[in-house]
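Geometric and topological summary
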Amino acid sequence: MNGPKGPGAAKGPGTAKEPEEPGTARKRAAAKRPAGRPRRLDPDAMVAITRRIIEEEGVNALSMRRVAKELGSTPMALYHYVRDKDELLMLTLSGTAAAFPRPELPEDPRERLVAVAAHMHGILARLPWVLDVLALGGLTDRNALWMVEEIVDSAIACGLSPARAVRAYGTIWNYVYGDLTFRRAAERRAENPPSRRYFPEMVTEEDADELPRLVELRDRWREYVADYEVVEELDAIVEGLLARGTAPGRDAPSA
């Protein structure tokens, strides 16, 4: 006797198949689909996420896996755009200096040297997260190299040898970086006052024999520090560098 015919009847030997769970067929088809290129990511979104992580949590919190996760992607897809974390940081740095128009610089090389150094300080003061990236060493924004060029060229024009001009740039950079780093630390302590005492509050009358001058100045120390002009200090640094580098008996500038 023939069995019933219809959509639910088995076609051939054996029993009817169990109904598949929802989505099973789609998953099976995806498994059979050949692997293609990673889905396209938005470089601007990569940069924005990277910068936000550094600004909010510091550069040590950054990883390729973290950025990929926040993009809703995978590290493999991210590696399709950047080779490693350093290249991601370089991409994030790229163009930061260009966002600030170059100032009109004075013709006098000494004045130009101070003006460029002050401009560099001003940019980094507005982009403190860049300090964390630069602290890694070897990373920089190519658009910022014009400032290095101007400082070294101006120093040579003022009579320094190339070697002293490069070292003068290093001294200026160390001042700019150090000043801004300490300012950031002071701001963070002000936002979240620590339980322990820091300098100058840590100096007490009991230190008078060992640290008499610091005890004398302790109560007005912050007042003196607050009355601090970066351009004036840079000018003093440049004055010293040029005076030392062009004094008789020092390295003669190259022709």
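Nothing here was measured: the structure is a model prediction, and the numbers come from that model. (Residues numbered from 1 in each chain as written. Predicted model: local features only at pLDDT ≥ 70, side-chain atom pairs only at ≥ 80, totals over all residues. Heavy atoms only, no water.)

Quick look at the overall build of the chain
How we decide: Every helix listed is a DSSP run of H or I at least four residues long, and every strand listed is a run of E at least two residues long, numbered separately from the N terminus. Any pair of residues with heavy atoms lying within 4.5 Å of one another is described as a contacting pair. In short, Shrake-Rupley with a 1.4 Å probe defines the accessible areas, and a residue's cover is counted only from the protein chains shown.
Helix and strand counts for the chain stand at 12 helices and 0 strands. If you take every contact in the chain between residues at least 6 apart in sequence, the share linking residues at least 24 apart comes to 68%. Carbon and sulfur atoms make up 52% of the accessible area of the chain, which totals about 17500 Å².

Quick look at the pattern of salt bridges
Short version of the rule: Any Lys or Arg side-chain nitrogen located within 4 Å of an Asp or Glu carboxyl oxygen qualifies as a salt bridge. Only protein chains enter the calculation, and the probe is 1.4 Å; a residue is then buried if its accessible area is under 20% of its type maximum, exposed if over 50%, and partly exposed in between.
Evaluated as defined, the whole model comprises 17 salt bridges. For E55, the salt bridge goes to R51, with nearest N and O atoms at 3.1 Å. Placement of the pair is E55 and R51 together in helix 2 (residues 43-57), with a separation of 4 residues, close to one helical turn. Overall, the relative accessible area of 45% leaves E55 in the partly exposed class. R110 serves as the salt-bridge partner of D235, at 2.9 Å between the closest nitrogen and oxygen. Pair noted here: D235 is in helix 12 (residues 230-245) and R110 is in helix 6 (residues 109-126), with a separation of 125 residues, a long-range link. Look at D235 and you get partly exposed, because its relative accessible area is 31%. Beyond isolated ion pairs, a larger network of salt bridges with shared partners links R52, E56, E57, R66 and E70.

Observations concerning the packing of aromatic side chains
Stated formally: Pairs were defined over the aromatic rings of Phe, Tyr and Trp, the Trp ring being its six-membered one, requiring ring centres within 6.5 Å. Orientation was assigned from the angle between planes: stacked under 30 degrees, edge-to-face over 60, tilted for the rest. Cation placement over rings: the criterion is NZ of Lys or CZ of Arg within 6 Å of the ring centroid and within 35° of the ring normal.
This structure, assessed with the given rule, holds 2 aromatic pairs. Aromatic side chains W173 and Y177 sit 5.8 Å apart centroid to centroid with 40° between the ring planes, which places their arrangement in the tilted category. Linking W173 with Y177, this pair stays in helix 9 (residues 162-191), spanning 4 residues, or about one helical turn. Owing to a relative accessible area of 21%, W173 belongs among the partly exposed residues under this scheme. Look at Y177 and you get partly exposed, because its relative accessible area is 25%. The ring of Y198 is capped by R189, whose NZ or CZ atom sits 4.9 Å from the centre of that ring.

Focus on the side chain of H121
Locating H121 in the fold gives a position in helix 6. Apart from residues no more than four positions distant in its own chain, H121 is found in contact with V176, D179, L180, R183 and V230.

A word on the confidence of the model for the chain
Stated precisely, the cut-off is as follows: Confidence of the predictor in every single residue is expressed as pLDDT, which spans 0 to 100.
The pLDDT averaged across the chain works out to 84; a share of 82% of its residues lies at or above 70. Of the regions scoring below 50 in pLDDT, residues 1-17 engages in 3 contacts with residues more than four places distant in sequence or in other chains. Every residue in residues 25-36 scores below 50 in pLDDT, and together they form 2 contacts with partners more than four places removed in sequence or on other chains.

Overview of the layout of surface pockets
Stated formally: Residues are said to line a cavity or pocket when one of their atoms sits within 4 Å of a point; the points come from a 1 Å grid over protein atoms alone, cavities being sets where a 1.4 Å probe fits but cannot get out and pockets being open sets with protein on both sides within 12 Å along at least five of seven lines. Grid points are joined across faces, edges and corners, and a volume is the space filled by probe spheres set on the points. Residues are grouped as follows: Ala, Val, Leu, Ile, Met, Phe, Trp, Tyr, Cys and Pro are nonpolar; Asp, Glu, Lys and Arg are charged; every other residue, Gly included, is polar.
Considered as a void within the structure, the largest pocket measures approximately 640 Å³ in volume. Around the largest pocket, the lining is made up of 18 residues, and of these F182, A186, R189, R222 and V225 lie nearest the centre. Top element by residues in the lining of the largest pocket is helix 9. It accounts for 6 residues. Across the lining of the largest pocket, the residue classes break down as 11 nonpolar, no polar and 7 charged. Each pocket or cavity is described by its volume, and for the second largest pocket that value is around 340 Å³. Contributing to the lining of the second largest pocket are 20 residues, with L134, T140, A144, Y169 and W173 lying nearest its centre. Where the lining of the second largest pocket is concerned, the elements lending two or more residues are helix 6, helix 7 (129-134), helix 8 (145-157) and helix 9. Tallied by class, residues from the lining of the second largest pocket come to 15 nonpolar, 4 polar and 1 charged.

Overview of the packing of helix 6 against helix 9
To be explicit about the condition: Throughout, an axis means a line fitted to C-alpha atoms (over the contacting stretch in the case of helices), and angles, computed between N-to-C directions, take values from 0 to 180 degrees. Here is the rule for angles: anything less than 35 degrees is roughly parallel, anything more than 145 is roughly antiparallel, 65 through 115 is roughly perpendicular, and the remaining ranges are oblique. If you view the pair so one helix is near and one far, a crossing is left-handed when the near helix is turned anticlockwise from the far one by less than a right angle, and right-handed when it is turned clockwise.
In the contact formed by helix 6 and helix 9, the axes pass within 10 Å of each other and the chain directions differ by 30°. On the basis of the axis angle, helix 6 is roughly parallel to helix 9. Crossing geometry of helix 6 relative to helix 9 is assigned as right-handed. Contact residues: L113, A117, M120, H121, L124 and A125 in helix 6; Y169, I172, W173, V176, D179, L180 and R183 in helix 9. For the contact of helix 6 with helix 9, the class distribution of residues is 10 nonpolar, 1 polar and 2 charged.

Some thoughts on the environment of R112
Going by this rule: Any pair of nitrogen or oxygen atoms within 3.5 Å is treated as a polar contact; in protein, a donor-acceptor pairing is required on top of that, and neighbouring residues in sequence qualify only through side-chain atoms on both sides.
Here R112 is to be found in helix 6. As a C-alpha pair, R112 and E150 span 38 residues in sequence and 7.9 Å in three-dimensional space. Apart from the residues lying within four places of it in its own chain, the contact partners of R112 are L105, P106, E107, E150, D153 and S154. Here the side chain of R112 touches E107 through a polar contact of 2.9 Å, landing on its backbone oxygen. Here the side chain of R112 touches E150 through a polar contact of 3.1 Å, side chain to side chain.

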